[in-house]
Amino acid sequence: MIRSFRQHDLPRLMQIWLDTNLQAHSFISQTYWQEHVELVESLLPQAEIYVYEDDNSHIIQGFLGMMDDNIEGIFVCSRMQSRGIGKQLLDYVKQIKCSLTLEVYHKNQRAFRFYQREQFSIQQEMMDEDTGEKAYKMVWKR
């Protein structure tokens, strides 16, 4: 089930956010992600967030966060990845938005290929100033 964020979801979302970033971005120092926990925790409630909650267990297994039409990230807990949860979240927002943008690290090839399969195209190559890593700005339009 996909639903909107509720304030009491925050601890679970933060756990998924940190675990997923550490796993997907091993090319960035763990300290970087750990140092950003408090900032992200304060910003998440201001974003447009959709969570994927398991129908049976009622445990949140993933979420998608947006600001306007920009996807800030899709995060799925590691043991539930490659089961279509990220695609379901993305398909959900594709139904309510006419266009979407996002940034993805060049070295995160798994995510990059996922977005390409989902008809996102590279709009711009850029350098993430915080991490020094190459990234792509990608765009999808209905």
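Residues numbered from 1 in each chain as written. Predicted model: local features only at pLDDT ≥ 70, side-chain atom pairs only at ≥ 80, totals over all residues. Heavy atoms only, no water.

Moving on to the side chain of Q61. Structurally, Q61 can be placed in strand 3 (residues 60–67). Here Q61 falls in the buried class, since its relative accessible area comes to 5%. (Helix = DSSP H or I, 4+ residues; strand = E, 2+ residues; numbered from the N terminus. Buried < 20%, exposed > 50% of the residue type's maximum accessible area, 1.4 Å probe, protein only.)

Below, the discussion takes up helix 1 (residues 10–24). Its 15 residues place the ends of helix 1 21 Å apart at the C-alpha level, agreeing with the 21 Å of an ideal helix rising 1.5 Å per residue. Of the positions making up helix 1, those classed as buried are L10, L13, M14, I16, W17, L18, T20 and N21. In this structure, the buried residues of helix 1 make contact with helix 2 (30–35), helix 3 (37–43), strand 2 (48–53), strand 3 and strand 4 (70–76). (Expected span 1.5 Å × (residues − 1). Contact = heavy atoms within 4.5 Å.)

Further remarks concern the pairing of strand 7 (residues 134–141). Sheet topology note: the strand 5 (residues 99–105)/strand 7 ladder contains seven bridges and is antiparallel. Its bridge partner being in strand 7, E103 is matched across the sheet by K137. Here six bridges tie strand 6 (residues 121–127) to strand 7, and the two strands are oriented antiparallel to one another. In the strand pairing of strand 7, M126 is matched with A135. Counted between consecutive antiparallel strands, the loop separating strand 6 from strand 7 contains six residues, among which G132 sits at a positive phi close to 75 degrees. (Pairing = 2+ DSSP bridges.)

This next bit is on the pattern of salt bridges. Tallied over the entire structure, the rule returns nine salt bridges. Its salt-bridge partner being D9, residue R3 comes within 2.8 Å of it at the nearest N-O pair. We note a salt bridge from E125 to K134, for which the minimum N-O separation is 3.3 Å. Sharing partners across several salt bridges, the network here consists of K87, D91, K94 and E118. (Salt bridge = Lys/Arg side-chain N within 4 Å of Asp/Glu carboxyl O.)

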